[in-house]
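# Structure at a glance
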Amino acid sequence: MQESNVHLKLTIVNTVGFGDQINKEESYQPIVDYIDAQFEAYLQEELKIKRSLHSYHDTRIHVCLYFISPTGHSLKTLDLLTMKSLDSKVNIIPIIGKADSISKTELQRFKVKLMSELVTNGVQIYQFPTDDETVSKINAIMNGHLPFAVVGSTEEVKVGNKMVKARQYPWGIVQVENENHCDFVKLREMLICTNMEDLREQTHARHYELYRRCRLEEMGFRDTSPESKPVRHPCPKSHTDRKTVCHSYASLESLQEAYEAKRHEFYVEMQRKEEEMRQVFVQRVKEKETILKEAEQEIQARFEQLRRLHQEERLKLERNRRSLEDEMASFIKKKAAAELLQTQTLLSTPMSLKKDKDRKNFM
């Protein structure tokens, strides 16, 4: 946005689809997660050794314009739950949308009812600051107009001699920038002109600091000494210096002490885990040795059994070999005797034939 020589970078995040689910129990969770993600990105930049916060593109949400349907009745449960979940994370400004759909009297009663319900349910909405004398009067008046009732339009209608943003109906024209018709101009002035810096300051000093403190506590940092006493630091007498320097000293030294305590805690934890791992390792080695010894004993017993079987088989084979050798020796003897008998028989056969022949010739 640009006005004369003033440039303003304005980012609008639209929560498309919010409340459209059948189960609306956690419809606000993506919004909470998105806001936390922007805080986390800023925190990570802040925790860097070389920070560039002066050139860092700050994406933190500085204001939430929560639009409420002009029903004229009570707030929806979803609206109360969502605003209750967001009031500690972002500056909430409730807005009644489509305010031209109800009459002025109904609108005023609806505003009173909404503010009463917000107070009753403990929802903390953003209040325009009244401690600055230059804007205290106008802000006090604007606080009385909350929640703002606005009408929006992208069409231009000719009213008199000029074209204005408006909504045209058969019964007349509702002008967006006419304060008698709606609170759009009041809202714009309060956001961009009068209280823009306060919104940014509230975001940083209140909502971001709350998130930062919770995240650092999750990381183990505390603003206490090891003896659980609050860390005290001497502050300058100047009020301005006291706010900046004292905060810096407290942050740096408490962070250093917390870092040392966390490192010691981490070292002790590592030693404990190392000892546990060593004991587990020793136990597993002993269990493995026991298993190996049992297996070795089993193998040795099996070996002895096989050796005995082998010895028995060897003795059996030795007996069979001896028996076979004896049988072979007996067989050789019988064979030799048979061969001798056969030889003797062959030698005696020719003489017998000659005697028979001589006997025949003699007769």
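### Here we look at the packing of helix H1 (residues 29-46) against helix H6 (residues 196-218)
Orientation of H1 relative to H6, taken along the N-to-C sense of each, is 80°, at an axis distance of 10 Å. With respect to H6, the axis of H1 lies roughly perpendicular. Along the contact surface, H1 presents Asp36, Phe39, Glu40, Tyr42, Leu43, Gln44 and Glu46, while H6 presents Thr203, His204, His207, Tyr208, Tyr211, Arg212 and Arg215. Broken down by class, the residue content of the contact of H1 with H6 amounts to five nonpolar, four polar and five charged.

### Quick look at the confidence of the model for the protein
The predicted model of the protein has a mean per-residue pLDDT of 83, with 86% of residues at 70 or higher. Every residue in residues 230-250 scores below 50 in pLDDT, and together they form 20 contacts with partners more than four places removed in sequence or on other chains.

### Topic: the sheet that holds strand S7 (residues 162-169)
In space, the three strands of this open sheet follow the order S6-S7-S8, with antiparallel pairing throughout. In the strand order of this sheet, the two ends are held by strand S6 (156-159) and strand S8 (172-175), each with one partner. Going across the sheet, the axis of each strand differs from the next one's by a mean of 65°, ignoring polarity. Bridge count for S7 against S8 is four bridges, and the pairing is antiparallel.

### Concerning the side chain of aspartate 198
Position of aspartate 198 relative to the elements: it lies in helix H6. Buried within the structure, aspartate 198 lacks any salt-bridge partner; its nearest side chain of opposite charge belongs to arginine 206, at an N-O separation of 8.8 Å. Those residues in contact with aspartate 198 that sit more than four places away from it in its chain are Tyr126 and Pro129.

### Thoughts on the nonpolar core
The nonpolar side chains of a soluble globular protein tend to be buried with one another. In terms of nonpolar packing, the biggest core is built from 45 residues, with Leu86, Ile92, Ile93, Leu118, Phe128 and Phe148 touching the most fellow members. Elements with a minimum of two residues in this core: H1, strand S3 (64-68), helix H2 (77-86), strand S4 (92-96), helix H3 (104-120), strand S5 (148-149), helix H5 (184-194) and H6. With six residues, H1 is the single largest residue contributor to this core. If we skip the residues at most four places from it in the chain, isoleucine 92 touches Cys64, Tyr66, Met83, Leu86, Asp87, Ile125 and Tyr126.

### What to know about the packing of aromatic side chains
Two aromatic rings are characterised by how far apart their centres lie and by the angle between their planes. What the rule picks out here adds up to eight aromatic pairs. Each ring, one from tyrosine 42 and one from tyrosine 208, has its centre 5.0 Å from the other, and the planes form 85°; the classification is edge-to-face. Here tyrosine 42 is found in helix H1, whereas its partner tyrosine 208 is found in helix H6, with 166 residues between them in sequence. The pair formed by tyrosine 42 and tyrosine 208 is uniform in burial state, with each residue classed as buried.

### Let's talk about the pattern of salt bridges
Tallied over the entire structure, the rule returns 19 salt bridges. The salt bridge involving aspartate 36 is made with lysine 89; its shortest N-O contact spans 3.0 Å. With aspartate 36 in helix H1 and lysine 89 in the loop between H2 and S4, the pair connects residues that are 53 residues apart, well separated along the chain. Neither residue differs from the other here; aspartate 36 and lysine 89 are each classed as buried. For arginine 307, the salt bridge goes to glutamate 304, with nearest N and O atoms at 2.9 Å. Residue arginine 307 and its partner glutamate 304 are both found in helix H7 (residues 239-362); the two are separated by three residues, about one turn of the helix. The partly exposed category is assigned to arginine 307, whose relative accessible area is 45%. In this structure, a network of salt bridges that share partners links the residues Lys111, Glu179, Asp183 and Lys186.

### Focus on unusual backbone geometry
In this structure, the amide linkage connecting leucine 146 to the following residue, proline 147, adopts the cis form with an omega of -10°. Along the chain, proline 147 turns up in the loop between helix H4 (136-143) and S5.

### With respect to H5
Taken together, the buried positions of H5 are Val185, Lys186, Leu187, Met190 and Leu191. Turning to H5, the residues buried within the fold contact S3, S4, H4, S5 and H6.

### Here's the deal with a nonpolar patch on the surface
On the surface, Met1, Leu10 and Ile12 cluster together to form a nonpolar patch covering roughly 360 Å² of accessible area. Examined against the element boundaries, isoleucine 12 turns out to sit in the loop between strand S2 (6-7) and H1. For isoleucine 12, a relative accessible area of 71% corresponds to the exposed category.

### Brief notes about empty space enclosed by the protein
Here the structure, examined in full by the defined rule, presents one cavity of 30 Å³ or more. Space inside the largest cavity adds up to approximately 30 Å³. Taken together, Asp87, Val90, Asn91, Ile92, Gln124, Ile125, Tyr126, Arg206 and His207 make up the full set of residues lining the largest cavity. Within the lining of the largest cavity, the residues separate by chemical class into four nonpolar, three polar and two charged.

Criteria and thresholds
Residues numbered from 1 in each chain as written. Predicted model: local features only at pLDDT ≥ 70, side-chain atom pairs only at ≥ 80, totals over all residues. Heavy atoms only, no water. Axes fitted to C-alpha atoms, helices over the stretch in contact; angles between N-to-C directions. Helix = DSSP H or I, 4+ residues; strand = E, 2+ residues; numbered from the N terminus. Parallel < 35°, antiparallel > 145°, perpendicular 65-115°, else oblique. Contact = heavy atoms within 4.5 Å. Nonpolar A, V, L, I, M, F, W, Y, C, P; charged D, E, K, R; others polar. pLDDT = per-residue confidence, 0-100. Pairing = 2+ DSSP bridges. Buried < 20%, exposed > 50% of the residue type's maximum accessible area, 1.4 Å probe, protein only. Lys, Arg positive; Asp, Glu negative; His and termini not counted. Salt bridge = Lys/Arg side-chain N within 4 Å of Asp/Glu carboxyl O. Core = buried A, V, L, I, M, F, W, Y, C linked by side-chain atoms within 4.5 Å. Phe/Tyr/Trp six-rings, centres within 6.5 Å; stacked < 30°, edge-to-face > 60°. Patch = residues over 30% accessible without salt bridge, like charges linked within 9 Å, V, L, I, M, F, W, Y side chains within 5 Å. Areas by Shrake-Rupley, 256 points an atom, 1.4 Å probe, with all protein chains shown as cover. 1 Å grid on protein atoms, 1.4 Å probe; cavity = no way out; pocket = protein on both sides within 12 Å on 5 of 7 lines; lining within 4 Å. Points joined across faces, edges and corners; volume = space filled by probe spheres on them.

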